[in-house]
Structures are given as C-alpha cells and as structure tokens.
Amino acid sequence: MTRSANWLYGWLLLLPAAAMLALFTHYPAVTTLWHSFESTPKAARPAIFVGVENYRQLTDDPIFWKSLTNNLWYAAGTIPLSIGLALLMAVWVNGKLAGRGFLRLAYFTPTVLPMIAVANIWLFFYTPEYGLLEQVRSVFGLPAQNWLGSRNSALGCLMIVAVWKEAGFFMIFYLAALQQMSPNLAEAAAIEGASRWYFFRRVTLPLLMPTTLFVLVNAVINAFRLVDHVVVMTRGGPDNATELLLYYIYEIGFRFQDSAYAAALTIVLLALLGSAALAQFWFLERKVHYQ
Amino acid sequence: MKLLKRLLGAFCASLMTLLGTAALAQAPVEVPFFFPVAVGGPITKIIDGYAADFEKDNAGIKLHPIYSGSYQDTIAKALTAVKSGDPPVTSILLSTDMYTLIDEDAIVPFDDLIKTDADRAWLKSFYPAFMENSQTGGKTWGIPFQRSTIVLYYNKDAFKEAGLDPNRPPGTWKEMADYAAKLTKRDAAGNVTQWGVQIPSSGFPYWLFQGLALENGVNLMNAAGTEVYYDKPEVIGALQYWLDLINKTKVHPPGIVEWGTTPKDFFERKVAMMWTTTGNLTNVRSNAKFDFGVAMLPANKRRGSPTGGGNFYLFKQAKPEQQAAAFKFVKWITSPSRAAQWGIDTGYVAVRPDAWETPEMKKYVAEFPPAAVARDQLQFAVAELSTHDNQRVTKALNDGLQAALTGSKPAEQAMKDAQREADRLLKSYRK
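As the structure is a computational prediction, the values presented were derived from the model and not from experiment.

**Student:** Explain the overall build of chain B here, please?
**Tutor:** Along its length, chain B carries 18 helices and 13 strands. Relative to the compact-globule value of 22 Å for 431 residues, chain B shows a C-alpha radius of gyration of 23 Å, a close match. Projected onto its principal axes, the C-alpha coordinates of chain B cover approximately 80 × 50 × 40 Å. Evaluated residue by residue, chain B yields a buried proportion of 50% over its 431 residues. Restricting the contact set of chain B to residue pairs at least 6 apart, pairs at least 24 apart contribute 74%.

In structure tokens:
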C-alpha cells in the first residue's frame, strides 16, 4: 500500500464514528452556541440576532442563580460522599469474607436499576405519614417530617438518592483496580512491618489515583447530568428548592418553549463542565501517576 | 405490540393498493392523534376501543391514537413536532394551553370547518363553563373532552366517629375548618394520626388555589389572558385561609402535599377530607374501603371551582382532508352517548347537558349519586387559570404558593412577588 492509500484507509475507518460525533455532538453544540445569541422564534416573529441579551437575562434570573447554587451544593454533597463510600465498599468486598459475591452484587444493584424506578421507590420511602422513613421515625416517637415537601430537607433527600445510586457504580472501578494490584506489595509491606492503615495510605491509595481521577470526572459529570429523580420526586419544588441546572434547562426549553434562553443556559452548563474537566485533567493528571 | 400490529396493517393495506385489488379510488386519510393520560384506569384500552369503533363507521379514515405521557409531556412533544414540521393532526391537550398554541401558530380554529346547522348546534351543546377556556377572540380553538372540576371527597366513617353528620359535608370555609378540627386525631405524643383536610400543593398548586380564590370572590386572570390578579387582597386572603389551616389550627399537613399520593392518603385514612379532581372518582370508588361522600367545594363569599382537563385541538400543518377527518372524529366522540360513556368509564364530567339525559348515564347516576356532584358544581365553575406564556406565568404563582406553604415568605409578600414576575412576563402581550 502506498502512503496516500494508507492515509485514506485510516480516514475511512474513522469516518463512521467521526460522522456520528459531528452530527450528534459537535454540530448541535455549535448551533446551540449560535442560537444563544438569537431570540426564540415564534410564529409571527422569526429569530433575530440579539447579541448577549439572553446572557444578560440570565444574570437577572433569580431561578437560574438558585439552580446554580443548588447544583453546586448538590455536587459538593454527592461527589466526595459517593467516592468515599465506593472506596470503602470496594476495599471491604475485595477482602476475603464469606458471601463476598452476594455483597458485591448487593452493592452494585442500585446501579443496574433505572433511575426512574429508583426514584419511585425512594418516593415511597420519603412519603409523609406512612412512608418507610416516617414509619421508622414513629417507632422512636420523633416529630413528623415532610421530607420532600419542606425546603430544608428536599435537596438533601435527592442527594442521598444520588449517592446511593452512584456509589455502587464507582465501587466497580475501584474493585477492578484493587484486583489488578500485585499481592507482592502487601506481602513486602507486611515483612517490613507496615501497619494495614499505613499500607493503605502510602501504597494502595496512591496506586488508585488514576482510578480516582476517572471516577471523579464521571462523578462531576453525573452531578450535573442526572436529573431523572428530580422529575419524578419534586419537579424542582418546593419553591425551586430542588431546581438543578439541567432540569431548569429542560423546563425553559420544553415547558416554556423558550429555545434561545435554554441555549444560553446550555452554554453556561457546557462551559462549567468543560472547565471542570480541563482542570481535572491538566492539574491532577500530573500528580496522579505513581512513580 | 399494538404499534407493530398497526404497522403491519398499514403495510398490508399499502400492498393491497399496490396490487390494485383495492377498488377504492384513494388511500385512507391518516389521522395521527396524541392523547395524554392523567388519571387512573385503563385509559389507553378505552381510547383504542373508540378508535376501532370510529373506523368501523367511517371507512376511508385511519385513526392512529398515540399515547404521549402526561399533559406536560404531550404539549412538549406536540410543540416539538410542530417545530420539526411533523405534528399530529389532532391532540388532546390542556384547555389552558390554548394561548400557547395560538402564540406558536400551531393550531387552527374549528370555525372554518363548521358549515352546517347541525355543526353549529353541536358547538352550542357544550356546558358554557367548559367553553370559556376553549374560545378567545370570537373563535373556537378547542373542543371539550376530558374535563373536570375540583371536588371535596370525605370519609363518612371518619365523620361518624367524630360525631358529624355523614350526609352533611362542609358547605362553607368556616364549616370546613371546624369539621377538620374535629376530624384531626392526635396520639398521646401529640403526633397527628389523621389529618382533617388536605389540599395538594405539588406540581400545579395554582389549580387548587384558584378554587380558594374564586370562593373568596375573585378570579385570578382576565378573559384575554393578558392580566393576572395574584396580589388582590381577596387572593392573599384565600392563601391566608389555607395557611391558617396548616399553621394556626394545624388541621392540614404542613409543607408540600403531594398530588399523586393524596388519594392514597385518603384510602389509608391518613386524611378525612381531600380536594382533588373529579377525574379520580372511579379510582376512589374502586379503592376506598369505607363509605365516602363527594361534595362541592365549600363557599366563602360564593361557591366556585376552576374547570380543568383537556380539549381537542386541530393542528395547522395537517392537510385539509386530514383536518376534516379529525373534525369528524371529534364530533363523533363528543356525541351525547359517547360523552356519557367516557364519563362513566373515567369519572370525567360528561361535557354536554344532553349526555346526562341518556339512559346509561341516568342509570349510573341513580346507582352512584356522587357522579352528579361535579355536574351540579358546573354552574359555579369558571375557566382555569390560563394566559399568554401560560407555563411561566403559572410557575410564578406556583413558586409563590410553595414559598408561602413552606413558610419561607408570608402570604402577602409571596403573592406580590408572583404578581411582579407575571407582570414582567405579560407586558409584551398588552397592547
């Protein structure tokens, strides 16, 4: 084969995936950016160029700010907790204990279930009066709580669902990484007289750093991407207490049919996630690998 | 499966045309039709049955009923389909979506299709309360189909236990508050085991609240859909009444009460009186294991309830022969006997007075008198809150109500904030 034929061959192989990506990812992203500078077309009024008007509207929109802060709290609450829990579970089910397979399966089950189904189950847990949580509560004689119906507890309730759902998924990655680890290391450390905690802190954890980075990137994305349970459990209420950014975009775009403003919000979300991913890869990548 | 069968059917039909075996001069008119499901029961089965019956009577029309989720899902799907140039021919959507659909230039009025005297008589046959949300600017944009009002369901057993007359539901706000106080039960620790009354406040609290506002003597909007009156003193007073049930007399559960679980709370005897749609009547009838009653909403200055539920709309992009076929179907399904049957099957209010005169309906009401309560309440009913940019203007009220109910804002401030937001949104529609 000549050099140019080789070149063509390579591009032909890449073409299907590249075409899909261009069609369903890059083209929509670019048009979204373009639409965010236009007004929403209505029947009698076609879209016109409005510059940064949509973005100006965004800065005065209290619900946008509310959903952004909600989302940051949500990320701050769910990411460390689900990663920590995943690591703990992985270390536990990696050890030699009876019923290990069953335990692994049990931890992984929430991941397999569809979010909509999960949210409906949790909806029952949180139901006032006769929900599971309230039944347990009444045994102890504590005051009644309307978990999803109060502004203070609703977002926390959604965070618990997310942690419960995510931790099992991240556990699988940690478990795979732990199984890759050579047993020689543990034996050598034991001969040197290192305690198990010391070994975990100085050997296991650093060796898990690439996995942690991968999990962290996924966790950040999921914190902004998973809103199925919001749809089922609260629809952003009460009074926007559980309004998350992506759900707000859905509301603006498909309930209010304001596609231009939704495009501007989407760009904000994209910028947010893009910069988070860049920061993670550029700054952390250097420190991740154990040399 | 059903879709597969239909596709197969369509395939066979087109094959036959190709082979020239069909002597028919033209292919059948295809009428895709979106419908949402908002109440319990086998709704899809019932609708598919109607479609099959209609096709039997009308050769040459092929109806495709497409279940499209909740009302919210259906409007989102329909408008997205309009933008992509492939909308259904007809759809059942909330009566309150009328202005939105007009603003999007998605629908056509029925007036152009109404040509004969029989058609004109048909248009006049519906309850006026249902037509309020179906007409604007002198044109008819929607035809009432699955319509409802809010009613009060109460547990007669609980009434007896509390020493109340089970055949005398509360008629006024004061009575409802007094009854609720008697019906609220607390255990030794002071925790409530049975609430007196609950009004759901998740999702669309504005609808139930509109009932309270009407009873306090005012409506929430003008007929043109360009003004709302969220901060009138009567409206604030209505909210205060609701808040007092929660905070002062403590006979109503605190926080946000979920719409979806309210009937279940009632079945579980966690609440003795509930406000919900008449569309739940058949659901309550089959699931309540105690004797229950249905009553009109209590009055303060007057009785009142908003209407609710869905209308048929015709989409603009459909071909004229498709619109004509859909119009035929709409007339067929709203005939007195079918309107009556639909009401009996679901609990929705049959949309025209003569449907209540059919033998089937008379028999049903004789056996089950609560079915007539919603009909009797219609004389006090008015159009559901609906304005231009409806979803947003309504969200402003929903947010305000939820803020007040969860205690983050007092009634007056919550309603003033909602009014300011609604005014901002509606400004461009006032000329």
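Now that the structure has been shown, we can carry on.
**Student:** How should the overall build of chain A be read in this particular structure?
**Tutor:** Within chain A, the regular secondary structure consists of 13 helices and 0 strands. Scaling as 2.2 N^0.38, a compact globule of 291 residues should have a C-alpha radius of gyration of about 19 Å, whereas chain A reaches 24 Å, well beyond that. Relative to its full complement of 291 residues, chain A shows a buried share of 31%. Considering only intrachain contacts with a sequence separation of at least 6, the fraction spanning at least 24 residues in chain A is 69%.

**Student:** Which parts of the structure should I look at to understand the environment of Arg338 of chain B?
**Tutor:** Considering the arrangement of structural elements, one finds Arg338 of chain B in helix α14 (residues 336–346). In this structure, the C-alpha to C-alpha distance between Arg338 of chain B and Pro359 of chain B, residues 21 residues apart in sequence, is 12 Å.

**Student:** Help me understand the confidence of the model for chain A, please; the structure alone is not making it clear to me.
**Tutor:** The predicted coordinates of low-pLDDT regions are not to be read in fine detail. Per-residue confidence for chain A gives a mean pLDDT of 87; residues scoring 70 or more make up 97%. Within chain A, no element has a lower average pLDDT than helix α6 (residues 132–139) of chain A, which sits at 83, and none a higher one than helix α3 (residues 62–94) of chain A, at 92.

**Student:** Help me understand the domain arrangement of chain B in this model?
**Tutor:** The extent of an interface is frequently quoted as the accessible surface area lost upon association of the parts. All names here are of chain B. You can read the domains of chain B as domain 1 (2–147 + 308–372) and domain 2 (149–307 + 383–426). Contact residues are listed per partner, giving 25 residues for domain 1 and 21 residues for domain 2. Elements with a contribution of two residues or more to the side of domain 1 that touches domain 2: α4 (98–103), α6 (128–131) and β12 (305–315). Considering every element that reaches the side of domain 1 that touches domain 2, the biggest residue donor is α4, with 4 residues. Taken together, the residues that form the side of domain 1 that touches domain 2 break down as 10 nonpolar, 11 polar and 4 charged.

**Student:** Before we go on, may I ask you to explain the interface of chain B and chain A in this structure?
**Tutor:** Listed by partner, the interface residues are 27 residues for chain B and 23 residues for chain A. Contributions of two or more residues to the side of chain B that touches chain A are made by α3 (71–83) and α17 (390–405) of chain B. Top contributing element to the side of chain B that touches chain A by residue count: α17 of chain B, with 5 residues. When the residues that make up the side of chain B that touches chain A are grouped by side-chain class, the tally is 9 nonpolar, 10 polar and 8 charged.

**Student:** What am I meant to see in the packing of helix α7 (residues 154–180) of chain A against helix α10 (residues 209–225) of chain A here?
**Tutor:** For any two helices packed against each other, the geometry is given by the interaxial angle and the distance between the axes. Residues and elements named next belong to chain A. In the contact formed by α7 and α10, the axes pass within 10 Å of each other and the chain directions differ by 165°. By the angle between their directions, the pair α7 and α10 is classed as roughly antiparallel. The crossing of α7 and α10 is right-handed. Touching Glu166, Phe170, Phe173, Tyr174 and Ala177 of α7 are Thr211, Phe214, Val215, Ala219 and Asn222, all from α10. Classifying every residue of the contact of α7 with α10 by side-chain character gives 7 nonpolar, 2 polar and 1 charged.

**Student:** Sorry, what's going on with helix α8 (residues 173–183) of chain B here?
**Tutor:** Three or four residues apart is the spacing at which side chains of an α-helix point the same way, because the helix has 3.6 residues per turn. All names here are of chain B. Those residues of α8 that fall on the buried side of the exposure criterion are Met176, Ala177, Tyr179, Ala180 and Leu183. Buried positions in α8, seen along its axis, are confined to an arc of 165° and lie on one side of it. In the core, the buried residues of α8 are packed alongside α7 (156–161), β9 (192–198), α10 (233–247) and β10 (271–277).

**Student:** I would appreciate a short explanation of the packing of α3 of chain A against α7 of chain A in the present structure.
**Tutor:** Residues and elements named next belong to chain A. Where α3 contacts α7, the axes come no closer than 6 Å and their chain directions differ by 40°. With respect to α7, the element α3 is oriented oblique. Crossing hand, α3 versus α7: right-handed. Here the contact of α3 with α7 is built from residues that sort into 20 nonpolar, 6 polar and 1 charged.

**Student:** So what exactly am I meant to see when it comes to the confidence of the model for chain B here?
**Tutor:** All names here are of chain B. In the predicted model, chain B carries a mean pLDDT of 89, and the fraction of residues at 70 or more is 94%. Predicted confidence is poor over residues 15–24, with pLDDT under 50, and the contacts of this stretch with residues over four places away or in other chains come to 4 contacts. We note a pTM of 0.81 for the whole complex and an ipTM of 0.72 for its interfaces.

**Student:** What is the right way to read the environment of Phe110 of chain B from this model?
**Tutor:** Residues and elements named next belong to chain B. As for its position among the elements, Phe110 is in the loop between β4 (107–108) and α5 (117–123). In this structure Phe110 comes out as buried when scored by C-beta crowding, with 23 C-beta atoms within 10 Å. For the pair Phe110 and Thr193, spaced 83 residues apart in the sequence, the C-alpha separation amounts to 52 Å. If sequence neighbours within four positions are ignored, Phe110 has contacts with Thr140, Ile143 and Leu314.

**Student:** Can you help me understand unusual backbone geometry in this one?
**Tutor:** Trans is the prevailing form of peptide bonds, just as negative phi is the prevailing case for residues other than glycine. One non-glycine residue, Asn240 of chain A, lies in positive phi territory at about 65°. Note on placement: Asn240 of chain A falls in the loop between α11 (228–233) and α12 (245–255). On the basis of neighbour counts, which here come to 20 C-beta atoms within 10 Å, the residue Asn240 of chain A falls in the buried class. Phi angles above zero are rare outside glycine, and Lys250 of chain B is one such case at about 50°. In this structure, Lys250 of chain B sits in the loop between α10 and α11 (262–267). Exposure remark for Lys250 of chain B: the 17 C-beta atoms within 10 Å place this residue in the partly exposed category.

**Student:** Whenever I open this one, the nonpolar core confuses me. Can you help?
**Tutor:** Soluble globular proteins: nonpolar side chains tend toward being buried together. Membership of the largest hydrophobic core comes to 124 residues, with the highest contact counts inside it found for Val31, Val151, Tyr153, Ala180, Leu239 and Met273 of chain B. A domain split of this core shows at least three residues from each of domain 1 (2–147 + 308–372) and domain 2 (149–307 + 383–426) of chain B. Those residues in contact with Leu239 of chain B, other than ones at most four positions away along the chain, are Leu401, Ala404, Ala411 and Met415 of chain B. Counting residues in each nonpolar core, the second largest holds 54 residues, with Trp147, Leu148, Leu175 and Ala260 of chain A among its members.

**Student:** I'm lost on the pairing of strand β7 (residues 143–155) of chain B in this one. Help?
**Tutor:** Regular strands have side chains that alternate between both faces of the sheet. Residues and elements named next belong to chain B. β7 sits mainly inside the fold: 13 of its 13 residues count as buried. Across 6 bridges, β7 lies against β12 in antiparallel orientation. Considered in β12, the bridge of Ile143 is made with Phe312. In this structure, β7 lies alongside β10, joined through 5 bridges in antiparallel fashion. By the bridge assignment for β10, Val151 is matched with Thr276.

How each quantity is defined
- Residues numbered from 1 in each chain as written.
- Chains lettered and ligands numbered in written order.
- Predicted model: local features only at pLDDT ≥ 70, side-chain atom pairs only at ≥ 80, totals over all residues.
- Helix = DSSP H or I, 4+ residues; strand = E, 2+ residues; numbered from the N terminus.
- Rg over C-alpha atoms; globule rule 2.2 N^0.38 Å.
- Buried ≥ 20, exposed ≤ 12 C-beta atoms within 10 Å, placed from the backbone.
- Contact = placed C-beta atoms within 7 Å.
- pLDDT = per-residue confidence, 0-100.
- Domains from an automatic or database assignment.
- Nonpolar A, V, L, I, M, F, W, Y, C, P; charged D, E, K, R; others polar.
- Axes fitted to C-alpha atoms, helices over the stretch in contact; angles between N-to-C directions.
- Parallel < 35°, antiparallel > 145°, perpendicular 65-115°, else oblique.
- Left-handed = near helix turned anticlockwise from the far one by under 90°.
- Arc of directions from axis to C-beta.
- Core = buried A, V, L, I, M, F, W, Y, C linked by C-beta atoms within 7 Å.
- Pairing = 2+ DSSP bridges.

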